[in-house]
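# Reading the structure
For reference, the chains in residue letters:
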Amino acid sequence: MKRVFNFNAGPSPMPIEVLEEMKNDLTDFRGTGMGITEISHRSPVFQDMLDETKAYLRQMMKLDDDYEIVFMQGGGTMQFLMTGCNFLHTRGAYADTGVWAHKARNTAAFFGETYDANTAKDRNYAYIPDTYDIRPDTNYLYICANNTIYGTEYKDFPKVDVPLICDMSSDILSREIDFNQFDMIWAGIQKNLGAAGAAFAVIRKGLLEKARTDIPEYLQYQTFVKNDSTYNTPPVFCIYTLNRMLHWIWNMGGLKAIEERNKVKAGLIYDTIDQSGGFYKGHADVKDRSMMNVAFNLATPELEKDFVEKAKKNDFIGVKGHRLVGGLRISLYNAVTPEAAKALADFMKEYKRTNG
């Protein structure tokens, strides 16, 4: 069996031990004689798995009782829509840290006024702004915790007098933070927590009480709460992969252990960049660097193309940067191993030695 070093920005790698478990569950899930893709979402065995998944999330996130957890199809793009149509009554504020905040803001604008509470556009989104201009009658501030394209990540979160909604798709459960400081968190699971095709949301009950009801029933978060995420057929397989990833994180030692592991991986790559004498140039300000996505450039586009080609020949996959910033991008999601990061760091050092 061939396995490469997978640094794709998403979907991302999953731990080999989780993949091996999944192989067995594809033919016989929990002794049912049916695979996980075959069981009914109305069956007790699915309900048990759903309840267990929520319990793991509550425990790892140390959530107060004042939160509901729901699972939905549609991924992040659907959440750009649902956050706006549920909670935008007059105007919504968006922290402008890049593309995904833009998409969320522009999608929500269908339901009311949206505006940028700040922007990092002046320096091509190389930093996280720390001031917020919140206008009167604003319903919420929406932020993206980690910006995959530009390699920036919030270290401290805004303290504002309006509800705080956070897209955590690309750094969810990668570190210990106070999750109770948010009124809503949503995340697509395909980077840190499972297979592409689903998102989950953690929503404060007080915010749910303010949600609009003059929208289609399927777009209301309350519909998913009232029906325990089974208003229609839920993304069974995706929820299952999330469940297995939560077990894996727990067995690894929880968020504290995962955070330390992620710091080691990021440190290996950032140290290589910082010690390259300018051969590698990081995109993000040091104070706002992401642990999940390392964005950097070489001296010329031709050299960057050569780096990508030679990396692929050495089984380093997914290192090409996003088209908006070019260069290279190394994604270090939870399942990426320290050994993979070390191997890439060694490759980067050798590439500099032969091309510097």
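About the criteria used
- Residues numbered from 1 in each chain as written.
- Predicted model: local features only at pLDDT ≥ 70, side-chain atom pairs only at ≥ 80, totals over all residues.
- Heavy atoms only, no water.
- Phe/Tyr/Trp six-rings, centres within 6.5 Å; stacked < 30°, edge-to-face > 60°.
- Helix = DSSP H or I, 4+ residues; strand = E, 2+ residues; numbered from the N terminus.
- Buried < 20%, exposed > 50% of the residue type's maximum accessible area, 1.4 Å probe, protein only.
- Lys NZ or Arg CZ within 6 Å of the ring centre and 35° of its normal.
- Contact = heavy atoms within 4.5 Å.
- Pairing = 2+ DSSP bridges.
- Axes fitted to C-alpha atoms, helices over the stretch in contact; angles between N-to-C directions.

With that out of the way, let us pick up the packing of aromatic side chains. Taken as a whole, this structure holds 25 aromatic pairs when the rule is applied. Here the aromatic rings of Phe157 and Phe182 are separated by 4.9 Å at their centres, their planes lie at 80°, and the arrangement is edge-to-face. Placement of Phe157 in the loop between β7 (152–153) and β8 (164–167) and of Phe182 in the loop between β8 and β9 (184–188) is noted, with a sequence separation of 25 residues between them. Accessibility assignment for this pair places Phe157 and Phe182 in one class, buried. Sitting over the face of the ring of Tyr115, Arg135 holds its NZ or CZ atom 4.1 Å from the ring centroid.

What follows deals with the environment of Gly356. The residue Gly356 is located in the segment after α10 (338–355) in this model. With 180 residues separating them in the primary sequence, Gly356 and Glu176 have C-alpha atoms 38 Å apart. Those residues in contact with Gly356 that sit more than four places away from it in its chain are Phe279 and Tyr351.

Below, the discussion takes up the sheet that holds strand β12 (residues 293–297). In spatial order, the strands read β11-β12-β14; together these 3 strands make up an open sheet with antiparallel pairing. In this open sheet, the two edge strands, each paired with only one partner strand, are β11 (281–282) and β14 (328–331). In the sheet, β11 pairs with β12 via 2 bridges, with the strands oriented antiparallel. Residue pairing for β12: Gly282 is matched across the bridge by Phe296. Contacting β11, β12 and β14, helix α8 (residues 254–274) runs over the sheet at an angle of about 15° to β12.

With respect to topology, 7 strands assemble into an open sheet ordered β2-β10-β9-β8-β5-β3-β4, the strand pairing being mixed. Whereas interior strands pair on both sides, the edge strands pair on one side only; in this sheet they are β2 (67–73) and β4 (113–119). Averaged over all adjacent pairs, the angle separating strand axes in this sheet is 20°, with direction ignored. Bridge count for strand β3 (residues 91–96) against strand β5 (residues 138–144) is 3 bridges, and the pairing is parallel. Directly across from Tyr94, in β5, lies its bridge partner Tyr142. Sitting on the sheet, helix α3 (residues 75–87) is in contact with β2, β5, β8, β9 and β10 (198–204), with an inclination near 155° to β9.

Any link to function would need more than the numbers given here.
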